[in-house]
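Each chain, written out:
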Amino acid sequence: MSISHAPPESSEPDISPISASKGDEVDSRAPAVSLDLTLIVPASSRRTRVPRWLRRTAGPVLLLALWQLLSSTGVLTSDVLASPGRIAQVAGDLISDGSLTSAMGTSLQRVAFGLLLGTVVGTGLALVSGLFRIGEDLVDAPVQMLRTVPFVGLIPLFIIWFGIGEAPKVAIITLGVTFPLYLNVYAGIRGVDAQLIEAGESLGLSRWGLVRHVVLPGALPGALTGLRYSLGIAWLALVFAEQINADAGIGFLMVQARDFLRTDVIVVCLIVYAFLGLLADFIVRSLERLLLQWRPTFTGR
């Protein structure tokens, strides 16, 4: 009896061409499919990149345009807020007659004296309190109590103590500068890694060597941060200080403009305050870039 064997099924896949459906044509001469790289690149990278300085100035320019439009249509009257064009004209007049430059010089002198005294006092107290435990016990508690007192509230006492000359104005600025510097320098000293102190001691550094090469560099970032805060408060304190029977300075111009309802002069003085504050902050940021290059985490540029 013969047994018929069925042919074995092939394990290879069927590679015969698939028959095209009706209406479809298969062109064997069609070129190979090529990827369009423009479809892969994100649309944001193909878009024309706008310079950052242009993006940063677009907002203020639009605000000035809106301001001028509201002033031109009468929505903002001159007795409420002068127009940008009027303010620019008044600023040019104040510069040409020398009154604005003289006022800026007087105000800068007051801020410089107050900032210098406040830096010396605040940094000195922070060093005493941060480096010595007995200094912390004697200094920190009184400083923490005094810093909660608004320095503006001490103006009457300063007038009684120092009179109405330059001394109370400089004292107010000094007081406003002292406490931010004290807090940041003190926090910077106490925030130095203890392992760095141990490493310095193992290398044979003396106490002064530890302070000079380990503690002070470690506290420098906090000190510069405190200096930035102090500069901002110094200009704020100047505004209050120049209200004390001042006969010169930017605040004196503002008091005169208030008496005569000159909103244009007031806005010019406020712009000068803002410009000087930004300039001072730029100087401190430049110092940070110069003095803190050793920090691996420093990303400013």
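Keep in mind that what you see is a predicted model, and the values were worked out from it rather than measured.

**Observations regarding the overall build of the chain**
Then step 1. Secondary structure summary: the chain contains 12 helices and zero strands in total.
Then step 2. Secondary structure elements of the chain occur, N-terminal to C-terminal, as α-α-α-α-α-α-α-α-α-α-α-α.
Then step 3. Taking all 301 residues of the chain together, the buried fraction comes to 30%.
Then step 4. In the chain, the proportion of contacts linking residues at least 24 apart, taken out of those at least 6 apart, comes to 71%.
Then step 5. Surface accessibility of the chain: about 20500 Å² in total, with carbon and sulfur atoms responsible for 66%.

**Thoughts on the packing of helix H5 (residues 99-131) against helix H10 (residues 207-241)**
Then step 1. As a packed pair, H5 and H10 sit with axes 9 Å apart at the nearest point and diverge in direction by 145°. Where H5 crosses over H10, the two elements pack in a sense that is right-handed. On the side of H5, the interface is formed by Ser107, Leu108, Arg110, Val111, Leu115, Thr119, Leu127 and Leu131, while H10 contributes Arg207, Val211, Val215, Leu216, Leu227, Leu231, Ala234, Trp235 and Leu238.
Then step 2. Split by residue class, the contact of H5 with H10 holds 13 nonpolar, two polar and two charged.

**Concerning the packing of aromatic side chains**
Then step 1. Counted under the stated rule, the structure contains four aromatic pairs.
Then step 2. Measuring from ring centre to ring centre gives 6.0 Å for Phe158 and Trp161, while their planes differ by 50°; the resulting arrangement is tilted. A residue pair is termed a helical-turn pair when its members lie 3 or 4 positions apart in one helix, as Phe158 and Trp161 do in helix H7 (residues 155-162) at three residues.
Then step 3. The class of Trp161 is exposed, set by a relative accessible area of 55%.
Then step 4. Plain terms: the ring middles of Phe158 and Phe162 are 5.8 Å apart, the flat faces sit at 50° to each other, and that makes the pair tilted. Residue Phe158 and its partner Phe162 are both found in helix H7; the two are separated by four residues, about one turn of the helix.

**Description of the pattern of salt bridges**
Then step 1. On inspection of all chains with the given rule, the structure shows seven salt bridges.
Then step 2. Among the ionic pairs, Glu166 bridges to Arg110, the shortest N-O distance being 2.8 Å. A residue pair is termed long-range when its members are at least 10 positions apart, and Glu166 in helix H8 (residues 166-190) and Arg110 in helix H5 qualify at 56 residues.
Then step 3. Owing to a relative accessible area of 40%, Glu166 belongs among the partly exposed residues under this scheme.
Then step 4. One salt bridge in this structure joins Glu242 and Arg110, with 2.9 Å as the shortest N-O distance. With a gap of 132 residues between them, Glu242 in the loop between H10 and helix H11 (250-259) and Arg110 in helix H5 connect regions that are remote in the sequence. Both residues of the pair, Glu242 and Arg110, belong to the buried class.
Then step 5. When salt bridges that share partners are traced, they join Arg86, Arg262 and Asp264 into one network.

**Comments concerning the confidence of the model for the chain**
Then step 1. With 81% of its residues at a pLDDT of 70 or more, the chain has an overall mean of 76.
Then step 2. Across the chain, element-level confidence peaks in H5 with a mean pLDDT of 88 and bottoms out in helix H1 (residues 37-40) with 49.
Then step 3. Scored below 50 in pLDDT, residues 1-26 makes one contact in the model with residues more than four places away or belonging to other chains.

**A word on the packing of H5 against helix H6 (residues 133-147)**
Then step 1. Relative orientation of the contacting elements H5 and H6 amounts to 130°, with a least axis distance of 6 Å. Looking at the two axes, H5 sits oblique to H6. Where H5 crosses over H6, the two elements pack in a sense that is left-handed. For the pair formed by H5 and H6, the contact residues are Leu125, Val128, Ser129 and Leu131 on the first element and Arg133, Gly135, Glu136, Val139, Asp140 and Val143 on the second.
Then step 2. Across the contact of H5 with H6, the residue classes break down as five nonpolar, two polar and three charged.

**Brief notes about the side chain of Arg110**
Then step 1. A residue is classified by how much of its surface remains accessible, and Arg110, at 2% relative accessible area, is buried.
Then step 2. A distance of 2.9 Å separates a polar atom in the side chain of Arg110 from a polar atom in the side chain of Glu242.
Then step 3. Here the side chain of Arg110 touches Ala248 through a polar contact of 3.0 Å, landing on its backbone oxygen.
Then step 4. The residues contacting Arg110, other than those within four sequence positions of it, are Glu166, Lys169, Ile173, Leu238, Glu242, Ala248 and Gly249.

About the cut-offs
- Residues numbered from 1 in each chain as written.
- Predicted model: local features only at pLDDT ≥ 70, side-chain atom pairs only at ≥ 80, totals over all residues.
- Heavy atoms only, no water.
- Helix = DSSP H or I, 4+ residues; strand = E, 2+ residues; numbered from the N terminus.
- Buried < 20%, exposed > 50% of the residue type's maximum accessible area, 1.4 Å probe, protein only.
- Contact = heavy atoms within 4.5 Å.
- Areas by Shrake-Rupley, 256 points an atom, 1.4 Å probe, with all protein chains shown as cover.
- Axes fitted to C-alpha atoms, helices over the stretch in contact; angles between N-to-C directions.
- Left-handed = near helix turned anticlockwise from the far one by under 90°.
- Nonpolar A, V, L, I, M, F, W, Y, C, P; charged D, E, K, R; others polar.
- Phe/Tyr/Trp six-rings, centres within 6.5 Å; stacked < 30°, edge-to-face > 60°.
- Salt bridge = Lys/Arg side-chain N within 4 Å of Asp/Glu carboxyl O.
- pLDDT = per-residue confidence, 0-100.
- Parallel < 35°, antiparallel > 145°, perpendicular 65-115°, else oblique.
- Polar contact = N/O pair within 3.5 Å; in protein donor to acceptor, adjacent residues only side chain to side chain.

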